[in-house]
Amino acid sequence: MKRTRPYSPLALEAARLLGGQVAAARREHRWTLTELAERVGVTKTTMSKVERGDVTVGLGVAFEAAAILGVPLFSDDANRRRAEAARIDDHLTMLPTAVRKPTPVSDDF
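Being a predicted model, the structure only gives us computed values, none of them experimental.

Cut-offs used in this document
- In this numbering scheme, every chain counts its residues from 1 along its sequence in written order.
- It should be noted that, the model being predicted, local features are given only for residues of pLDDT at least 70 and side-chain atom pairs only at 80 or more, the latter also being counted only at that level, while totals for whole chains, interfaces and linings use all residues.
- Only hydrogens and water are removed before side-chain values are computed, so all heavy atoms of the structure are retained for them.
- Note on conventions: DSSP H or I runs of at least 4 residues are helices, E runs of at least 2 residues are strands, and numbering of each starts at the N terminus.
- Whether a residue is buried, partly exposed or exposed follows from its accessible area with a 1.4 Å probe, protein chains only, as a fraction of its type maximum: under 20%, in between, or over 50%, in that order.
- Here the arc refers to the set of directions running from the helix axis out to each C-beta atom.
- Only heavy atoms enter the contact rule, under which two residues are in contact if any of them lie within 4.5 Å.
- Working definition: a ring pair exists when centres of Phe, Tyr or Trp rings (six-membered ring for Trp) sit within 6.5 Å. Plane angles under 30 degrees give stacked, over 60 give edge-to-face, the rest tilted.
- Two limits define a charge over a ring: the Lys NZ or Arg CZ must be within 6 Å of the ring centre, and within 35 degrees of the ring normal.
- How sure the predictor is of each residue is captured by pLDDT, a score from 0 to 100.
- Each salt bridge in this description consists of a side-chain nitrogen of Lys or Arg and a carboxyl oxygen of Asp or Glu lying within 4 Å of one another.

We now examine unusual backbone geometry. Not every positive phi belongs to a glycine, and Arg 30 is a case in point at roughly 60°. For Arg 30, the position within the fold is in the loop between α1 (9-28) and α2 (33-40). Given the relative accessible area of 74%, Arg 30 is considered exposed.

Shown next, in the form of structure tokens:
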């Protein structure tokens, strides 16, 4: 039996938005679903799922389709994206690499 995972409304909305942007860009390029699927390296069915905003499709597949079509995922400016990535890397450097739940301390002597 197939398990279904619940997704938040925000995640579902974001997937539908990206899927719609991919579908619109594909049509603007005048590519068939099959042509885009071949360029991305997936099946037509998988590409159809991306365009419908199906959250079970791999994130990399959706991002690759968007990149091939020129759908902006973040900023159109490459320098701005690199600066943002560097800022995130700097921020991650300041945070612990492993996160652990604090262990309760027994102060009952």
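What sets the pattern is the α-helix's 3.6 residues per turn: residues three or four places apart point alike. Three or more residues of helix α3 (residues 44-52) are buried, namely Met 47, Val 50 and Glu 51. Taken end-on, α3 shows its buried residues confined to a sector of 95°, consistent with a single buried face. Among the exposed residues of α3, those pointing more than 90 degrees away from its buried face are Thr 45 and Arg 52. The inward-facing, buried residues of α3 contact α1, α2 and α4 (59-69). Just past α3, the residue Gly 53 takes up positive phi, approximately 80°.

Our next topic: the packing of aromatic side chains. Taken as a whole and assessed by the stated rule, the structure comprises zero aromatic pairs. For Arg 5, the ring lying beneath its charged end belongs to Tyr 7, and the centroid distance is 4.8 Å. Positioned above the aromatic ring of Trp 31, the side-chain terminus of Arg 39 is 3.8 Å from the ring centre.

When pLDDT is averaged across the protein, the result is 90; 98% of the residues are at 70 or more. Per-element averaging of pLDDT across the protein places helix α5 (residues 78-94) at the bottom with 88 and α3 at the top with 97.

Here we take up the pattern of salt bridges. A full pass over the atoms with the stated rule returns two salt bridges. Ionic pairing is found between Arg 26 and Glu 51, a salt bridge with its closest N-O pair at 2.5 Å. Highlighted residues: Arg 26 in helix α1 and Glu 51 in helix α3, separated in sequence by 25 residues. For Arg 26, a relative accessible area of 10% gives the class buried.

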